[in-house]
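# Analysis of the macromolecular model
So you can see what is in the structure, the chains are spelled out below.
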Amino acid sequence: MPFSQSCENNKWPILNILKRVFTEPALILEIGTGTGQHAELFARELPHLQWQPTDRPGEHELCQQRLQEAQLPNVARPLPLDVLDPEWPVSGADGAFSANTLHIMGWDGVEALFAGLGRRLPHGGCFCVYGPFNEQGRFTSDSNARFHEHLQSQDPAMGIRDIDDLKTLGEGTGLILREQCPMPANNQLLIWERR
Ligand SMILES: C[S@@+](CC[C@H](N)C(=O)[O-])C[C@H]1O[C@@H](n2cnc3c(N)ncnc32)[C@H](O)[C@@H]1O
């Protein structure tokens, strides 16, 4: 079964934040679900949420076996969703979550993601995004700088995003940065709110 060690390491600290953000019954759209380790834990520990896993067509079935075996009543069948597609297979959601995706998709993908969520989240709806981020044009650690170099050597479109650039993007798409939560291993969880 597909497995990610980094998911295993970060899922509990992320859960602690999601617990206080998503307190009411809600449909949560996950972008770039990957192995489904996050979806499984968060749906199990937050049973008041309906979890909708998605990933790029072809990748979206990676999590299928894990989630099927988990037999959680509040996890929907994973849907194919590439944020760059003009049509998304979901018309709306109350909130959204994504981990370790913004440095993998190109900047055009990041723009499409913010625009897509800006159109689909209700006012007050939150988007929680986890990963490594730069601040004021600087890496927050040497390991993040090395990681960025590694990503760029694979594909120059990939790379760690700067929170200031994301804020500018958010302003244009109706998503305001509400909170920046430091996380282990030089990562952060950013909480955006639809205004
Ligand atoms: C490093 S993996 C992270 C997977 C999982 N969220 C995790 O934390 O382990 C990056 C994910 O981003 C997804 N992704 C990349 N570009 C995307 C796009 N344009 N639309 C939707 N998902 C995308 C990939 O398919 C992959 O599942």
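Presented here is a report on the structure given in the accompanying data block. It should be emphasised that the depicted structure is a prediction, and the values quoted were computed from it without experimental measurement. (Residues numbered from 1 in each chain as written. Predicted model: local features only at pLDDT ≥ 70, side-chain atom pairs only at ≥ 80, totals over all residues. Heavy atoms only, no water.)

## A word on the packing of helix 1 (residues 5-21) against helix 2 (residues 37-45)
For the pair helix 1 and helix 2, the least separation of the axes is 10 Å and the interaxial angle reads 35°. Judged by the twist between their axes, the crossing of helix 1 over helix 2 is right-handed. Together, Cys 7, Glu 8, Asn 10, Lys 11, Trp 12, Ile 14, Leu 15 and Leu 18 of helix 1 and Gln 37, His 38, Leu 41, Phe 42 and Glu 45 of helix 2 make up the contact between the two elements. Here the residues of the contact of helix 1 with helix 2 are counted per class, giving seven nonpolar, three polar and three charged. (Axes fitted to C-alpha atoms, helices over the stretch in contact; angles between N-to-C directions. Helix = DSSP H or I, 4+ residues; strand = E, 2+ residues; numbered from the N terminus. Left-handed = near helix turned anticlockwise from the far one by under 90°. Contact = heavy atoms within 4.5 Å. Nonpolar A, V, L, I, M, F, W, Y, C, P; charged D, E, K, R; others polar.)

## Side note on the sheet that holds strand 10 (residues 187-194)
Read across the open sheet, the six strands follow the order 2-1-5-6-10-9; overall the sheet is mixed. The outermost strands of the open sheet, each flanked by one partner alone, are strand 2 (49-52) and strand 9 (175-183). Geometrically, the sheet is characterised by an average inter-axis angle of 20° between neighbouring strands, direction not taken into account. Note: strand 9 against strand 10, eight bridges, orientation antiparallel. Residue pairing in the sheet places Leu 177 in a bridge with Trp 192 of strand 10. (Pairing = 2+ DSSP bridges.)

## Observations regarding the packing of aromatic side chains
Summed over the entire model, instances satisfying the criterion amount to five aromatic pairs. When the ring of Phe 42 is compared with that of Trp 51, the centres are 5.7 Å apart and the planes differ by 65°; the resulting orientation is edge-to-face. Ring pairing ties together the aromatic residues Phe 42, Trp 51 and Phe 97, which thus form one cluster. (Phe/Tyr/Trp six-rings, centres within 6.5 Å; stacked < 30°, edge-to-face > 60°.)

## Brief notes about the site of the ligand
In the vicinity of the ligand lie 16 residues, with Gly 32, Asp 55, Asp 82, Val 83 and Ala 99 positioned nearest. At 2.7 Å from a nitrogen atom of the ligand is found a main-chain nitrogen or oxygen belonging to Gly 32. Asp 82 places a polar side-chain atom, nitrogen or oxygen, 2.9 Å from a nitrogen atom of the ligand. A total of 590 Å² of accessible area belongs to the ligand in isolation, and the protein chains cover 87% of it. When grouped by side-chain class, the residues that make up the shell around the ligand number six nonpolar, six polar and four charged. (Near = heavy atom within 4 Å. Polar contact = N/O pair within 3.5 Å; in protein donor to acceptor, adjacent residues only side chain to side chain. Areas by Shrake-Rupley, 256 points an atom, 1.4 Å probe, with all protein chains shown as cover.)

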